[in-house]
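Listed here are the chains, written in short residue letters.
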Amino acid sequence: QISTIHDLSIYESKKMYSTIYTNFYKCIFPIMIKGCHKILTVSNFTKSEIIKKFNIYNNNIIITNNAVSFKNISTISKNNDNYILYVGNDSKRKNLCSLIKAFKLIKNNNIYLKIVGSISKENYENIYGNKRIEVLNNVTTDNLFYLYNNAKMLVFPSLYEGFGIPPLEAMYCSCPVIISNIDVFKELYETAALYTDPLDVSQLKESILRLLDDSTLR
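What counts and how
- Residues numbered from 1 in each chain as written.
- Predicted model: local features only at pLDDT ≥ 70, side-chain atom pairs only at ≥ 80, totals over all residues.
- Heavy atoms only, no water.
- Helix = DSSP H or I, 4+ residues; strand = E, 2+ residues; numbered from the N terminus.
- Patch = residues over 30% accessible without salt bridge, like charges linked within 9 Å, V, L, I, M, F, W, Y side chains within 5 Å.
- Areas by Shrake-Rupley, 256 points an atom, 1.4 Å probe, with all protein chains shown as cover.
- Salt bridge = Lys/Arg side-chain N within 4 Å of Asp/Glu carboxyl O.
- Lys, Arg positive; Asp, Glu negative; His and termini not counted.
- Charge placed at Lys NZ, Arg CZ, Asp CG, Glu CD.
- Expected span 1.5 Å × (residues − 1).
- Buried < 20%, exposed > 50% of the residue type's maximum accessible area, 1.4 Å probe, protein only.
- Contact = heavy atoms within 4.5 Å.
- Axes fitted to C-alpha atoms, helices over the stretch in contact; angles between N-to-C directions.
- Parallel < 35°, antiparallel > 145°, perpendicular 65-115°, else oblique.
- Nonpolar A, V, L, I, M, F, W, Y, C, P; charged D, E, K, R; others polar.
- Pairing = 2+ DSSP bridges.

A. Seen up close, the environment of Tyr 172. Residue placement: Tyr 172 occurs in helix 6 (residues 165-172). When the C-alpha positions of Tyr 172 and Lys 186 are compared, they lie 18 Å apart, and in sequence the two are 14 residues distant.

In structure tokens, the structure reads:
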């Protein structure tokens, strides 16, 4: 048996999932890992987490980085749209609430935030009535490709990832990226992104403004 483990977020001290979900996977993971001939994972960061948690030999874990599945669309149209993009779900570890708070502090009526993915009732209440924030559900691959290509930037303030595919998709589309200063992002994206403290809303706002104002940096 060969299994892939994308991350160990269920073991994070912050409560990121329901108790039932967390307990189920905490029971399954040790059983699954014990029966594996090899384990595949997506980053050095997650590999080190697995080794520490389960005391597994280094050579039993193989890193296979994630990749982008877009096909080049040569006819993609480029527009001068003024929007910031977020792509992902709304679990607590994705930290979308911090991005919404930071964006609402930006007093520029000509810049918009497009959220691709479903969001929680709490975040719906936070953006209710704000005409500069748009939630897009059921976006096709072609539409997502368009959104990346025309965004001013992708902001991805996640608290924990095993890899994090949206920043890679954005870079594939030459879309500038602001990401959290977490270890896995530093490993994967090195100097190709602008880093910020994901829990510092003021710093996140300033990073967005910096990237909006500096075309050379973008």
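Still more ground to cover, so stick around.
B. The arrangement of a positive patch on the surface in detail. Residues Lys 15, Lys 26, Lys 53 and Lys 92 make up a contiguous surface patch of positive charge. Note that Lys 15 resides in the loop between strand 1 (2-5) and helix 1 (19-34).

C. Spotlight on helix 1. Helix length check: helix 1 (16 residues) gives 23 Å between terminal C-alpha atoms against 22 Å at 1.5 Å per residue, within 8%. Of all the residues in helix 1, the buried ones are Thr 22, Phe 29 and Ile 33. On its buried face, helix 1 is in contact with strand 1, strand 2 (38-41) and helix 2 (44-54).

D. Seen up close, the pattern of salt bridges. Counted according to the given criterion, the structure contains six salt bridges. Across the pair Glu 161 and Arg 93 runs a salt bridge whose closest N-O atoms are separated by 3.8 Å. A residue pair is termed long-range when its members are at least 10 positions apart, and Glu 161 in the loop between strand 7 (153-156) and helix 6 and Arg 93 in the loop between strand 4 (83-87) and helix 3 (96-104) qualify at 68 residues. By relative accessible area, Glu 161 is classed as buried at 5%. Take Arg 93: its relative accessible area is 10%, and that puts it in the buried class. Across the pair Glu 161 and Lys 94 runs a salt bridge whose closest N-O atoms are separated by 2.7 Å. Of this pair, Glu 161 sits in the loop between strand 7 and helix 6 while Lys 94 sits in the loop between strand 4 and helix 3, and the two are 67 residues apart along the sequence. Overall, Lys 94 belongs to the buried group, its relative accessible area being 10%. Three or more residues are tied together by salt bridges with common partners; here these are Asp 7, Arg 93, Lys 94 and Glu 161.

E. Up close: the packing of helix 5 (residues 141-150) against helix 6. At a closest axis distance of 8 Å, the pairing of helix 5 and helix 6 adopts a crossing angle of 70°. By the angle class used here, helix 5 and helix 6 are roughly perpendicular. Residue-level contacts link Leu 144, Phe 145 and Tyr 148 of helix 5 to Pro 166, Glu 169, Ala 170 and Tyr 172 of helix 6. The residue inventory of the contact of helix 5 with helix 6, partitioned by class, reads six nonpolar, no polar and one charged.

F. Representation of the sheet that holds strand 3 (residues 61-63) within the structure. Read across the open sheet, the three strands follow the order 1-2-3; overall the sheet is parallel. Each edge of the open sheet is held by one strand with a lone partner, namely strand 1 and strand 3. Going across the sheet, the axis of each strand differs from the next one's by a mean of 30°, ignoring polarity. Alignment of strand 1 against strand 2, held across four bridges, turns out to be parallel. Note on strand 2: the bridge partner recorded for Ile 2 is Lys 38. Lying over the sheet, helix 2 contacts strand 1, strand 2 and strand 3, oriented at roughly 165° with respect to strand 3.

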